[in-house]
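Residues per chain, in single letters:
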Amino acid sequence: GRCAISAGNNNSTLMPALLREASKSTSQPLLVLITANVSLGIGLGPGAISICRPVIMAGLYSRPTSVDFGMVVNQLNVTEPYAKMYWQSLDLENLSPGDGLSAAIAPPYGVSISCNVWAMYCPRSKPCLNLINTTSVVATAAERDYLTFMFSMYNSPLPSMRQTTDFYHTDLKVTTLQFIPGPGNDEITCQVVKSLSWDWSYNIITAEPRVARKLPLPAGLQLPIQQTQAGPLVQAVDGCSSFESAVTYPEEHNISATRRLVWMLTANVTLNPPDQPKCWQRQTIKYTTKMFGEDFQDNVTDGDPSVHSLLHQALLPAPTSTAPAAPAADTTSAPGPLSQVYAVGFDYMRAALVLPPGAPDKQFEIENVMLHQLPQGPKIGSVQADSGYDGSVAQDVWTVLMWPVERDMTGASLTLSHVELVVPKPEFDYLQAKAQAAMSFAVQLAGVVGTAFASHVGCYLSARGSCPPVRL
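All of the points below concern the structure found in this document.

Rules of the game
- Residues numbered from 1 in each chain as written.
- Predicted model: local features only at pLDDT ≥ 70, side-chain atom pairs only at ≥ 80, totals over all residues.
- Heavy atoms only, no water.
- Helix = DSSP H or I, 4+ residues; strand = E, 2+ residues; numbered from the N terminus.
- Buried < 20%, exposed > 50% of the residue type's maximum accessible area, 1.4 Å probe, protein only.
- Contact = heavy atoms within 4.5 Å.
- Polar contact = N/O pair within 3.5 Å; in protein donor to acceptor, adjacent residues only side chain to side chain.
- Disulfide = S-S within 2.5 Å.

**As for the environment of lysine 194**
Within the fold, lysine 194 resides in strand E13 (residues 188-194). Here lysine 194 falls in the partly exposed class, since its relative accessible area comes to 35%. The sequence separation of lysine 194 and leucine 172 amounts to 22 residues, and the corresponding C-alpha distance is 9.6 Å. Leave out the neighbours within four places in its chain, and lysine 194 touches Lys173, Val174, Thr175, Thr176 and Asp199. Of the polar contacts made by the side chain of lysine 194, one reaches the side chain of aspartate 199; its length is 3.0 Å.

The structure is reproduced here in structure tokens:
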């Protein structure tokens, strides 16, 4: 049938028009004509605008028409059956990288790449981003350079160069990628790009603002884009099931081994919560992986918090398997998590996560997280009860050695940075006494290399300090 038309929209009429017309569940397309520069970001919370039909957002072909997203993400909920969005003859400005909510529907795309237009909350495992005669003003010059490099390698006549973009084939399912330099310096024009989620026709990539004042990147997870490496795959983790899915997703979906994985915590997580007592089973970390806790304040918006929860739960992966709970070790109970950092409770499980033999340094990094319910070592039963924490007892006494992660204890495959470890009080008392005597110290343990502590021991129990990385 014919399109419904909403004509002559400017900054004062666009929002009412979208709220009134785009929320109608129908297969009839809606053409939204934008005749002046508009803002579609600042002040909008997650899911503030529901898109329930095909919507074509069209600007003026005769002169630049800007849509300023204000470095805001997830405000357009594009998840309904008929929902689809097209952007035509528009400058898309102040595009932001995605956040933890975006990560729930991002795979196999990376939230660090702002040209994915994370203002749209739509699953990227199917067609989502349709651009026609547009300009995407990406968040940083580094991202522009990264995209230029990757697009060039994809089209290289040399097989060794094309290998850099193997993940474009295996993960993103790119079938066509044609681009040329220009029109301006340090800009490229994507003539045709087709992939799992992208359908672009003449989209300019630039880092220079067109109309809107360029805003700084939002606070939170910053993932530096390395020009010659595949962009990281960020996945949201808000419970035991989604945690397990994040671990198993790469192999199940044939994700390129060249990609770095990031598990972004968006809630407190326990491996075997009361409502899922057999959720977790032993998992092997085969990719270079980082666990990062999104700060609480990053989720505070002007929108209804129930919308955030609803959107976040709607598309999270379902649990893939179950496993019997491991027996608890004899150690103290953990207090509740602190107010500004998310927590992972390991349910006193040893080897909940496994790093393969020969894992390189920093194969698994943990940052900005509180870790509790930590077990003691597997031979704790043979350790004398009166051994005490004097630095010479068997390593199995020490929960700070992170027994939930099985690994070669003579290397540094596990790295902790800005992490709070909840440990038994006798263990903490010993570490605190050491810290009061010296700014840095080491605990000598048989068969363990690299167990060093620096600066502020309170980080490991209850005070969120600025600890340098601890290599375990």
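From this point on, the discussion continues.
**Focus on the state of the cysteines**
Within this structure, the stated rule accounts for two disulfides. Each sulfur of the disulfide joining cysteine 122 and cysteine 128 lies 1.8 Å from the other. Across the disulfide from cysteine 240 sits cysteine 279; the S-S distance is 2.1 Å. Judged by the sign of its S-S torsion, about -105°, the cystine formed by cysteine 240 and cysteine 279 is left-handed. Pair noted here: cysteine 240 is in helix H6 (residues 240-252) and cysteine 279 is in the loop between strand E17 (269-270) and strand E18 (283-284), with a separation of 39 residues, a long-range link. We note that cysteine 240, like cysteine 279, is buried. Unpaired in this structure, cysteine 115 has its nearest cysteine sulfur neighbour in cysteine 190, at a distance of 7.9 Å. The exposure class assigned to cysteine 115 is buried, which follows from its relative accessible area of 0%. Given the relative accessible area of 0%, cysteine 190 is considered buried.

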